[in-house]
Amino acid sequence: MKLIVASVQESIDAGRVAEETGRWASRNRLQTTTLLDAIAGHQFDAVFGGARRDEEKARAKERVFSFRDEFGQWDPKNQRPELWGIYNTRIHRGEHIRVFPLSNWTELDVWEYISRENLEIPSIYYAHSRSVFEREGILLADSPYITRGEDEPLYDAKVRYRTVGDMTCTGAVESTAATIAEVIAEIAATRITERGQTRADDRTSEAAMEDRKREGYF
């Protein structure tokens, strides 16, 4: 994590990316430049990610082995068939593959696996008290990295995080689920995906995620 933060800061200092400011600012786009720099610098042929198809409609278009061109860009219309679990891994110099082993898992699958294996996970995924404010239906945490408007009062709420990302664009959900069993019951009853309910940057346009992925975002 320290290496990633350092790389992002180096990109900012070099003027290759600019950190957004203001009420609607998000640091999420900073990840793309750093990711592509790391892939090019280390000449990786493949990088692994934990994205799932049920998270968001753009990610539903991903293959398990998802091809990226020499610029790190993704074209959903130029992906390879994956029939009967057969994958085409052929690439030319400069190209790479993003591999998503959990593509066909759901959020519920993940939590049932956590329960079965009795895995320890960060407490932020369980209900806890936090100072939050509401922005377009999303509960964002009070933070020095977020510019809050006068029409966005703070209040204390019992919340948990369904997904963990940059706090400038990742929201919490009201919840009392304090155990794995309670989280599983909560997820089984919801009809909104975790990104749909908690990611502010996905709401900037109908194709927000797809646009970022075309630029090289994971």
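Given the structure is predicted, the values throughout are model-derived calculations rather than measurements. (Residues numbered from 1 in each chain as written. Predicted model: local features only at pLDDT ≥ 70, side-chain atom pairs only at ≥ 80, totals over all residues. Heavy atoms only, no water.)

Caption draft 1: Quick peek at a nonpolar patch on the surface. Together, Leu83, Trp84 and Ile86 make up a nonpolar patch on the protein surface, roughly 430 Å² of accessible area in all. Mapping isoleucine 86 onto the fold places it in the loop between strand 2 (65-68) and strand 3 (96-99). (Patch = residues over 30% accessible without salt bridge, like charges linked within 9 Å, V, L, I, M, F, W, Y side chains within 5 Å. Areas by Shrake-Rupley, 256 points an atom, 1.4 Å probe, with all protein chains shown as cover. Salt bridge = Lys/Arg side-chain N within 4 Å of Asp/Glu carboxyl O. Helix = DSSP H or I, 4+ residues; strand = E, 2+ residues; numbered from the N terminus.)

Caption draft 2: Representation of the pattern of salt bridges in the model. By the definition in use, this model includes eight salt bridges. Taking the shortest distance from any N to any O, the salt bridge between arginine 116 and glutamate 117 comes out at 3.0 Å. On the basis of relative accessibility, which here comes to 63%, the residue arginine 116 falls in the exposed class. We classify glutamate 117 as partly exposed; its relative accessible area is 37%. Across the pair arginine 160 and glutamate 186 runs a salt bridge whose closest N-O atoms are separated by 2.8 Å. Pair noted here: arginine 160 is in strand 6 (residues 155-160) and glutamate 186 is in helix 4 (residues 180-189), with a separation of 26 residues, a long-range link. Salt bridges sharing partners connect three or more residues here, namely Arg52, Asp54 and Glu194. (Buried < 20%, exposed > 50% of the residue type's maximum accessible area, 1.4 Å probe, protein only.)

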